Amino acid sequence: MKTLFLSTRGAHRARSIASAARILRRGGLVAFPTETVYGLGGHAFNARAVRKIFRVKGRPQDNPLIVHIASVQQIWQLVDSLPVMFWALAEKFMPGPLTIVVRKSRRVPAFVTAGLETIAVRIPDHPVARALLKATAAPIVAPSANISGRPSPTTASHVREDLDGRIDAILDGGSSRVGLESTVVDITGRVPIILRPGGVTGEQIQKALGVRVRLARPVKHRPKSPGMKYKHYAPRAEVVVFEGKRSSVWRTMVHAAARLQRRGVRVGAMAEDQAGAKFSEGVLFFSLGETGARGAARLLFRGFRSLDAQNVDMILCQGFSDEEIGAAVMNRLRKAATRRVRV
Ligand code: TXA
Ligand code: MG
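Quick summary incoming for the structure in this document. No experiment lies behind these values; they were computed from the predicted model shown. (Residues numbered from 1 in each chain as written. Chains lettered and ligands numbered in written order. Predicted model: local features only at pLDDT ≥ 70, side-chain atom pairs only at ≥ 80, totals over all residues. Heavy atoms only, no water.)

Focus: the nonpolar core
Right, so step 1: Residues Phe-86, Leu-89, Ile-100, Ile-119, Ile-167 and Ile-205 are the most contacted members of the largest nonpolar core, which totals 46 residues.
Right, so step 2: When neighbours within four sequence positions are excluded, Ile-167 is seen to be in contact with Met-1, Lys-2, Thr-3, Leu-29, Ala-31, Leu-40, Val-56 and Val-159.
Right, so step 3: Counting residues in each nonpolar core, the second largest holds 28 residues, with Cys-317, Ile-325, Ala-328 and Val-329 among its members. (Core = buried A, V, L, I, M, F, W, Y, C linked by side-chain atoms within 4.5 Å. Buried < 20%, exposed > 50% of the residue type's maximum accessible area, 1.4 Å probe, protein only. Contact = heavy atoms within 4.5 Å.)

Some points on the pairing of strand E3 (residues 39–43)
Right, so step 1: Most of E3 sits inside the fold, with five of its five residues counted as buried.
Right, so step 2: Residues of E3 alternate between two faces, with Gly-39, Gly-41 and His-43 on one and Leu-40 and Gly-42 on the opposite face, all of them buried.
Right, so step 3: Inspection of the sheet shows strand E2 (residues 30–32) paired to E3 by three bridges, in the antiparallel sense. Considered in E3, the bridge of Val-30 is made with Gly-41. (Helix = DSSP H or I, 4+ residues; strand = E, 2+ residues; numbered from the N terminus. Pairing = 2+ DSSP bridges.)

Quick look at the environment of Arg-340
Right, so step 1: Among the structural elements, Arg-340 can be located in strand E16 (residues 339–342).
Right, so step 2: Given the relative accessible area of 39%, Arg-340 is considered partly exposed.
Right, so step 3: Taking the C-alpha atoms as reference points, Arg-340 and Thr-201, separated by 139 residues in sequence, lie 23 Å from one another.
Right, so step 4: Arg-340 has contacts with Val-241, Glu-243 and Arg-334, leaving out every residue within four places of it along the chain.
Right, so step 5: Engagement of the side chain of Arg-340 in a polar contact is seen with the side chain of Glu-243, the distance being 2.9 Å. (Polar contact = N/O pair within 3.5 Å; in protein donor to acceptor, adjacent residues only side chain to side chain.)

Structural notes on the sheet that holds strand E10 (residues 193–196)
Right, so step 1: Sheet architecture is open: 11 strands sit in the order E1-E8-E2-E3-E7-E4-E6-E5-E9-E10-E11, paired in mixed fashion. Both outer strands of the open sheet, strand E1 (4–7) and strand E11 (214–215), are each paired with one neighbouring strand and no more.
Right, so step 2: Two elements, strand E5 (residues 98–103) and strand E6 (residues 118–122), share four bridges in a ladder whose sense is antiparallel. In the strand pairing of E6, Arg-103 is matched with Thr-118.
Right, so step 3: Packed on one face of the sheet, helix H2 (residues 47–57) meets E3 and strand E7 (140–141) and runs near 155° to E3.
Right, so step 4: Of the strands in this sheet, E1, E2, E3 and strand E8 (169–172) touch helix H5 (residues 156–163), which is tilted by about 165° from E8. (Axes fitted to C-alpha atoms, helices over the stretch in contact; angles between N-to-C directions.)

Concerning the side chain of Thr-8
Right, so step 1: Within the secondary structure, Thr-8 is located in the loop between E1 and helix H1 (12–25).
Right, so step 2: On the basis of relative accessibility, which here comes to 14%, the residue Thr-8 falls in the buried class.

Regarding H1
Right, so step 1: For H1, built from 14 residues, the straight-helix expectation of 20 Å at 1.5 Å per residue is met to within 8% by its first-to-last C-alpha distance of 20 Å.
Right, so step 2: Ser-16, Ile-17, Ser-19, Ala-20, Ala-21, Ile-23 and Leu-24 are the residues of H1 that are buried.
Right, so step 3: Looking at the residues trailing H1, positive phi occurs at Gly-27, about 95°. (Expected span 1.5 Å × (residues − 1).)

Notes on helix H8 (residues 293–309)
Right, so step 1: A rise of 1.5 Å per residue sets the reference length of H8, with its 17 residues, at 24 Å; its end C-alpha atoms lie 24 Å apart and thus fit the reference within 8%.
Right, so step 2: Counted residue by residue, H8 has 12 buried out of 17 residues, so it is predominantly covered.
Right, so step 3: Elements that come into contact with the buried residues of H8 comprise H5, strand E12 (238–243), strand E13 (267–271), strand E14 (284–287), strand E15 (314–318) and helix H9 (325–336).
Right, so step 4: Note on H8: the residue one or two positions beyond its end, Asn-311, has a positive phi of about 55°.

Details of the sheet that holds E13
Note: strands within a sheet are paired through backbone hydrogen bonds, in either parallel or antiparallel orientation.
Right, so step 1: With parallel pairing, the five strands of this open sheet are ordered in space as E14-E13-E15-E12-E16. Since the sheet does not close on itself, it has two edges, and those belong to E14 and E16, each with one partner. With direction set aside, neighbouring strand axes in the sheet form an average angle of 20°.
Right, so step 2: By the bridge criterion, four bridges tie E13 to E15 in an arrangement that is parallel. Across the sheet, Met-270 pairs through a bridge with Cys-317, a residue of E15.
Right, so step 3: Strands in contact with helix H7 (residues 246–262) are E12, E13 and E15; relative to E15, the strand with the most contacts, it is inclined by about 170°.
Right, so step 4: Contacting E12, E15 and E16, H9 runs over the sheet at an angle of about 135° to E12.

Read these as spatial facts, not as claims about activity.
See the structure below:
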């Protein structure tokens, strides 16, 4: 299959979005940009399209998909009723990097939710995604547009690396602003549970709802969110994460990198800008931005992919404190890492 590469720059935009919508309506697969990461879209009510998404990604059958909609009104195609908490969250965070899990309507076919009675819904906050959803005029399922287990794509060329020749089209909308997948919050019970930390923080959700939220612990058996049990976000290289005070973390990383290099290991390092100059020559440095977890969120997956492309054996990565967006960064980083070093 030849994958169309659709630009959304200037004059191309309207035509590209119209072609992508046409492909989706006919049951084809289109990767498209969102503010979190690129999604691999398919018509939510088309069994063939949904099955194909699982096949193309190599995704486990029991891991349900997020349904993307253009507006809050569209959710009535998916549910019969909504808990009051939904409205407070929708008002604050939709569109935005928040996915809400609610009870699904019986009209929603089981293949959409991998047999679950609940459905995950999100309105992305990206002009191209919104225009596409509007033009398609149907709910679109979209997991991250990567091969399962690989880091999620934050640019159209990342999608191409993984899926060229396997899907109908890729809509290019530049780099994703957030860089990590949406927060997934389950509001089917009395206490909201964060199943996956992301762009909207636990503190923000708590504030919007005025109730305490729980953070789901990753579990091995029968997790609430099937996605929690799989290895995720990992580059090919082995990842070691260093946690602790910034200055000590950098010092320890620099020494570890030098030691590994002497043993003939090809080393990559990921840390904030300022650390770059400290590493010895030959260490492949990828900057996670000026300071703080916001930049790290945006650049983490890009860094994994970039260092992988340079064939490093090992990636040493700076850890961040688990506050705000840092919680999402550390969630991804700890899942990708084979080893954690506390400094
Ligand atoms: O930011 C995002 O959410 C991106 C963009 C493309 O929107 N999408 C994304 O999809 O990250 P995916 O498939 O990679 O992750 C979906 C997560 C999985 O962990 C899945 O298990 C969980 O959402 N999920 C989906 N439906 C669920 C449900 N009914 N109950 C609990 N968890 C659910
Ligand atoms: Mg994913």
